[in-house]
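Residue strings, one per chain:
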Amino acid sequence: MIISGAYFGDKVSPLSETTVLAASVTRTPLFPHIRYLLYTTIPSMTITLVIFLVVGLMHRSGAGEHMAASAEALQNKFNISLWLLAVPVITGILIARRVPSIVTLFASSLLAVGFALIFQPHILEEIAMVKTADGASLFKGISITLYGETNLDMGNPSLNELVSTLGMSGMMNTIWLILCAMCFGGAMTASGMIQSLTALFYRFMEKRAGMVASTTIFGIFLNICTADQYISIILTGDIFRNIYKKKGYESRLLSRTTEDSVTVTSVLVPWNTCGLTQVTVLGVPTITYLPYCFFNLLSPVMTILVAITGYKIKQVIHPEKERIEEEGNY
């Protein structure tokens, strides 16, 4: 349930690195890409919610006491107020107004810093591990929170792990992976390997459904072989971009198919970086949680089904083909 919800949010958020990457690689504007994703994402999530609702009504849990203890510990440690909701609300407004991602992230970070100074100064001092009257400890606490690793003693190991962060430095591994993927993709393009791989799928791309199915299967195949979703997104976009363009399909069809096949299935591969991350965080083996990740399993199937029906899929006449047809008419 956690993985299904997390990857639903990961697909439709304009602040998600995979969403931005899929749109960028396929040269699709970000918000049209997200809107187009909804045609496959909402049905997949709706089916997932129905399944979990049925399962939830049939299951009884005794975790109420644990949840109450965790909530009390958080209440005692942090100054929790409804005013704190202003940060995500303003961030949501910026997203709705299509403010660029960098501006939105920067503004939300400044807001978070301001609210931390007002509501959580004692937390900043604990992070800084020093308390001074001149405010230097607060500045140090903010700096560590934004960039470095933070650890708070909640009196509970699971809660300690919950509130710990890595800051911006924790994103460096992702940045290095993207840079390596770009170099890898460039080397494959220059050496002709991409053209060779694409040739294997040409026979199945005569029709729209076959083209989308081939893209989906190839994206999942890359997730298994490259063991990283960023590399898979970049390579899938690079390999199929010209094919979709030559056949007259919008780039957002490729960006959506890439997200539906690569982003959501990376967590289902035990040796993929996403699979390894979830095993570490949740403490559940990949093979154990895989059958229950209904959203992740349904998304690739849904994108193929929508391609078969042709719903909201437009094919424009290629400029060269259009010129030839006009000459023929004359």
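In this text the structure is predicted, and so the values were computed from the model without any measurement.

Draft legend 1. Expanded view of the overall build of the protein. Looking only at helices and strands, the protein has 18 helices and 0 strands in total. Along the longest, intermediate and shortest principal axes, the C-alpha atoms of the protein span 85 × 50 × 35 Å. Put simply, the protein has 330 residues, and 38% of those count as buried. Of the contacts formed within the protein by residues at least 6 apart in sequence, a portion of 67% connects residues at least 24 apart. A total accessible area of about 18700 Å² is found for the protein, and carbon and sulfur atoms account for 69% of it.

Draft legend 2. Quick peek at the packing of aromatic side chains. For the structure shown, the criterion picks out 7 aromatic pairs. Centroid distance tyrosine 36 to tyrosine 39: 5.8 Å. Interplanar angle 85 degrees. Geometry classified as edge-to-face. With tyrosine 36 and tyrosine 39 both in helix 3 (residues 30-57) and 3 residues apart, this pair spans about one turn of that helix. Under the relative-accessibility criterion, tyrosine 36 is labelled buried at 0%.

Draft legend 3. Spotlight on the packing of helix 7 (residues 121-128) against helix 8 (residues 136-147). Where helix 7 contacts helix 8, the axes come no closer than 7 Å and their chain directions differ by 75 degrees. When the axes of helix 7 and helix 8 are compared, the pair comes out roughly perpendicular. Residues Pro121, Leu124, Glu125, Ile127 and Ala128 of helix 7 form the contact with helix 8, whose own contacting residues are Ser137, Leu138, Lys140, Gly141, Ile142, Ile144 and Thr145.

Draft legend 4. The arrangement of the pattern of salt bridges in detail. For the structure on display, the rule yields 4 salt bridges. Two residues, aspartate 260 and lysine 11, come together in a salt bridge whose shortest N-O distance is 2.3 Å. Within this pair, whereas aspartate 260 is found in helix 14 (residues 251-263), its partner lysine 11 is found in helix 1 (residues 2-12), the two being separated by 249 residues in sequence. The two residues aspartate 260 and lysine 11 agree in class, both being buried. Ionic pairing is found between arginine 252 and glutamate 250, a salt bridge with its closest N-O pair at 3.2 Å.

Draft legend 5. Main features of the environment of serine 251. Residue position: serine 251 is located in helix 14. The spatial distance from the C-alpha of serine 251 to the C-alpha of threonine 26 is 6.1 Å, given a sequence separation of 225 residues. Every residue in contact with serine 251, bar those within four places of it in the chain, is listed here: Thr26, Arg27 and Thr28.

Draft legend 6. Fine view of the nonpolar core. Formed by 18 residues in total, the largest nonpolar core has its most connected members in Met211, Phe240, Tyr244, Tyr249, Leu253 and Ile313. Of the residues forming this core, the biggest block, 6 residues, is contributed by helix 13 (residues 229-246).

Draft legend 7. Region of interest: the packing of helix 2 (residues 17-25) against helix 3. Axis separation between helix 2 and helix 3 bottoms out at 9 Å; the angle between their running directions is 110 degrees. By the angle class used here, helix 2 and helix 3 are roughly perpendicular. For the pair helix 2 and helix 3, contact is made by Thr19, Val20, Ala22 and Ala23 and by Leu30, His33 and Ile34, respectively.

Draft legend 8. Representation of a nonpolar patch on the surface within the structure. A surface patch of nonpolar side chains, about 560 Å² in accessible area, is lined by Val50, Leu53, Val54, Leu57 and Met58. On the accessibility criterion, valine 50 (48% relative accessible area) is partly exposed.

Draft legend 9. Spotlight on the side chain of serine 4. Positionally, serine 4 belongs in helix 1. We classify serine 4 as buried; its relative accessible area is 1%. Aside from chain neighbours lying at most four places away, what touches serine 4 is Met45, Thr48, Phe52, Tyr292, Cys293, Phe294, Phe295 and Asn296.

Draft legend 10. Spotlight on the state of the cysteines. With the rule as written, the count across this model stands at 0 disulfides. With no disulfide of its own, cysteine 225 has cysteine 274 as its nearest cysteine by sulfur position, at a separation of 16 Å. Residue cysteine 225 is classed as partly exposed on the basis of its relative accessible area, which comes to 48%. No disulfide involves cysteine 293; its sulfur sits 12 Å from the nearest other cysteine sulfur, which is in cysteine 274. A residue is classified by how much of its surface remains accessible, and cysteine 293, at 3% relative accessible area, is buried.

Draft legend 11. Here's a closer look at helix 1. Within helix 1, the full set of buried residues consists of Ile3, Ser4, Tyr7, Asp10 and Lys11. When helix 1 is viewed along its axis, its buried side chains cluster within an angular range of 130 degrees and face the same direction. Close packing links the buried residues of helix 1 with helix 2, helix 3, helix 14, helix 15 (273-282), helix 16 (286-289) and helix 17 (294-309).

Draft legend 12. Fine view of the environment of valine 279. If you trace the backbone, valine 279 turns up in helix 15. Take valine 279: its relative accessible area is 29%, and that puts it in the partly exposed class. Expressed as a C-alpha distance, the spacing of valine 279 and valine 20, which sit 259 residues apart in the sequence, is 25 Å. Leave out the neighbours within four places in its chain, and valine 279 touches Val284, Pro285, Thr286 and Tyr289.

What counts, and where the lines are drawn
- Just so you know, the residues in each chain are numbered from 1, in the order the chain's sequence is written.
- Reporting of local features is limited, given that this is a predicted model, to residues whose pLDDT is at least 70; pairs of side-chain atoms are given and counted only at 80 or more, and all residues count toward the totals for whole chains, interfaces and linings.
- Values reported for side chains reflect all heavy atoms of the structure, with hydrogen atoms and water molecules removed beforehand.
- Only DSSP runs of H or I reaching four residues or more are called helices, and only runs of E reaching two or more are called strands; each is numbered from the N terminus.
- Whether a residue is buried, partly exposed or exposed follows from its accessible area with a 1.4 Å probe, protein chains only, as a fraction of its type maximum: under 20%, in between, or over 50%, in that order.
- Residues count as neighbours in contact if any of their non-hydrogen atoms are within 4.5 Å of one another.
- Accessible areas in this description were obtained via Shrake-Rupley with a 1.4 Å probe; residue shielding takes into account the shown protein chains only.
- Aromatic pairing here means that ring centres of Phe, Tyr or Trp (its six-membered ring) are within 6.5 Å. Orientation follows from the plane angle: under 30 degrees is stacked, over 60 is edge-to-face, and everything else is tilted.
- Only the stretch in contact is used when fitting a helix axis, every axis being a line fitted to C-alpha atoms; angles between N-to-C directions are given from 0 to 180 degrees.
- The cut-offs work like this: below 35 degrees is roughly parallel, past 145 is roughly antiparallel, 65 to 115 is roughly perpendicular, and the gaps in between are oblique.
- Salt bridge, as applied in this entry: a Lys or Arg side-chain nitrogen positioned within 4 Å of an Asp or Glu carboxyl oxygen.
- Grouping buried Ala, Val, Leu, Ile, Met, Phe, Trp, Tyr and Cys residues that are joined through side-chain atoms within 4.5 Å yields what is termed a nonpolar core.
- Excluding any residue in a salt bridge, patches collect residues exceeding 30% relative accessible area, merging like charges within 9 Å and nonpolar Val, Leu, Ile, Met, Phe, Trp and Tyr side chains within 5 Å.
- Throughout, disulfides are identified as pairs of cysteine sulfur atoms within 2.5 Å of each other.
- Working definition: the arc comes from the directions between the helix axis and the C-beta atoms, pointing outward to the latter.

The values are spatial; any link to function lies outside them.
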